[in-house]
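# Examining the three-dimensional arrangement
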Amino acid sequence: MSITPAIQIAEQPARTDLGVVEHRALRGNRPGHGRRRMGRVGFNILALIVFISSVFPVYWMVNLSFTPPNQIISRTPSFLPLDFTVKNYITAWTREAAPGQTDFPHALASSLIVAVTVVIVCAIFAFLASIAIARFAFRGRVVFIVSVLVVQMVPGEAMMFTIYNMIDDWRLMNTLIGLFIVHLAAVVPFTIWTLRGFVAGVPVELEEAAQIDGCTKAQAFWRVTFPLLAPGLVSTGIFAFIQSWNEFLMALLLLKGYNLTLPPWLNSFQSATEATNWGAVMAGSTLIALPVVIFFMFVQGRMTGGLVAGAVKG
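In this report, the structure presented in the accompanying data block is examined. (Residues numbered from 1 in each chain as written. Predicted model: local features only at pLDDT ≥ 70, side-chain atom pairs only at ≥ 80, totals over all residues. Heavy atoms only, no water.)

### Here we look at the overall build of the protein chain
Of regular secondary structure, the protein chain possesses 13 helices and zero strands. Order of helices (α) and strands (β) in the protein chain, N terminus to C terminus: α-α-α-α-α-α-α-α-α-α-α-α-α. Relative to its 314 residues, the protein chain shows a buried fraction of 32%. At a minimum sequence separation of 6, the contacts of the protein chain that also span at least 24 residues come to 70%. Only carbon and sulfur atoms are counted for the fraction: they give 69% of the accessible area of the protein chain, which is about 19700 Å². (Helix = DSSP H or I, 4+ residues; strand = E, 2+ residues; numbered from the N terminus. Buried < 20%, exposed > 50% of the residue type's maximum accessible area, 1.4 Å probe, protein only. Contact = heavy atoms within 4.5 Å. Areas by Shrake-Rupley, 256 points an atom, 1.4 Å probe, with all protein chains shown as cover.)

### Things to note about the environment of Ala-280
You can see Ala-280 is positioned in helix 13 (residues 278-313). We classify Ala-280 as buried; its relative accessible area is 0%. The spatial distance from the C-alpha of Ala-280 to the C-alpha of Tyr-89 is 6.4 Å, given a sequence separation of 191 residues. Ala-280 has contacts with Asn-88, Thr-91, Ala-92 and Phe-269, leaving out every residue within four places of it along the chain.

### Regarding the packing of aromatic side chains
Enumeration according to the criterion identifies 14 aromatic pairs in this entry. When the centroid spacing of 5.5 Å and the interplanar angle of 65° are considered together, the rings of Trp-60 and Phe-79 count as edge-to-face. Placement of Trp-60 in helix 2 (residues 31-65) and of Phe-79 in the loop between helix 3 (69-72) and helix 4 (87-94) is noted, with a sequence separation of 19 residues between them. The class for Phe-79 is exposed, based on a relative accessible area of 53%. (Phe/Tyr/Trp six-rings, centres within 6.5 Å; stacked < 30°, edge-to-face > 60°.)

### Things to note about helix 7 (residues 160-169)
Along helix 7, the residues that are buried comprise Met-160, Ile-163 and Ile-167. Across the axial projection of helix 7, the buried residues extend over an arc of 65°, all falling on one side. Projecting away from the buried face of helix 7 at angles above 90 degrees are the exposed residues Phe-161, Thr-162 and Asp-169. On the buried face of helix 7, the contacting elements are helix 8 (176-200) and helix 11 (249-254). Of the residues trailing helix 7, Arg-171 is marked for its positive phi of about 60°. (Arc of directions from axis to C-beta.)

### With respect to the pattern of salt bridges
Going through the model one piece at a time under the given rule, you end up with one salt bridge. Where Glu-207 meets Arg-135, a salt bridge forms, and the shortest distance between an N and an O atom there is 2.7 Å. You can see Glu-207 sitting in helix 9 (residues 204-212) and its partner Arg-135 sitting in helix 5 (residues 104-135), a full 72 residues away along the chain. (Salt bridge = Lys/Arg side-chain N within 4 Å of Asp/Glu carboxyl O.)

### Considering a positive patch on the surface
A cluster of basic residues, Arg-35, Arg-36, Arg-37 and Arg-40, forms a positive patch on the protein surface. Tracing the sequence through the fold places Arg-37 in helix 2. (Patch = residues over 30% accessible without salt bridge, like charges linked within 9 Å, V, L, I, M, F, W, Y side chains within 5 Å. Lys, Arg positive; Asp, Glu negative; His and termini not counted. Charge placed at Lys NZ, Arg CZ, Asp CG, Glu CD.)

### Re a nonpolar patch on the surface
On the surface, Leu-48, Phe-51, Ile-52, Val-55, Phe-56, Tyr-59, Phe-79, Leu-80 and Leu-82 cluster together into a nonpolar patch covering about 930 Å² of accessible area. Within the secondary structure layout, Leu-80 lies in the loop between helix 3 and helix 4.

### What about unusual backbone geometry?
Within the chain, Arg-171 stands out as a residue other than glycine whose phi angle is a positive 60°. Checked against the element boundaries, Arg-171 lands in the loop between helix 7 and helix 8. Backbone geometry at Asn-174 places phi at a positive 60°, although glycine is not the residue there. Mapped onto the secondary structure, Asn-174 falls in the loop between helix 7 and helix 8.

Shape descriptors only; they carry no functional weight alone.
Here it is, written out as structure tokens:
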């Protein structure tokens, strides 16, 4: 028997591997592959520029909050707080924004009361409304959906005087209840529209399968559908919280004195008769941003866990 075919068979895998390597090398040297690689590099550089542009104002705010006021207005600013100080935070925490107005702790309490209440009530209303829109066919359903979308197109500034007169007629001026009603009306339409997509994305067959296994309609909804909707509730809750927390114009219009929330409280640091303490303003801005960051960090893991759990259950 000739051993030549056996030698050829033994050498064939090595030749095949060498051919694969040569093919990959040639493919890597193609002009199209190089253009795609350059495109990815360009997009990465663009993303890095956008990230730096977004983060730098926040970094500069924190940097100035630890900088003495006389160095903040210097013509040669420093990118690091060389003369580190926490006096700006002490001033922002203890000083009244203006005579007769509130200080930071009370403004923080007012903002938390309004924002948390808006999130809870908005989640309940929007959740029930989104289920009704996505799962039930009723007369006027399309008109209601379009109305929810149209309401979002109207800027709040266009209804400012109408809202002011309405709150004044209800005798809710300078009350947290009045501001709560305005914030709730502002965030509920968008929350309904967003949750409608989450509810519509959960197949009805999952509830039907649970009913076949012996669950009632209510049990099938709460045990099967509701856990899959948890990420949507968390996402819309984050939106509602941030919208209420950062809202400035209506809070400035409806509140004054001791009932100010954080955004108008911070605005009151600017005075026409006194020089603005920019160090305290930056420290106050940092303190205002901290609860939002903490809230997002707390719910982010729950939102991700809910998405993963929903994917497994589905």
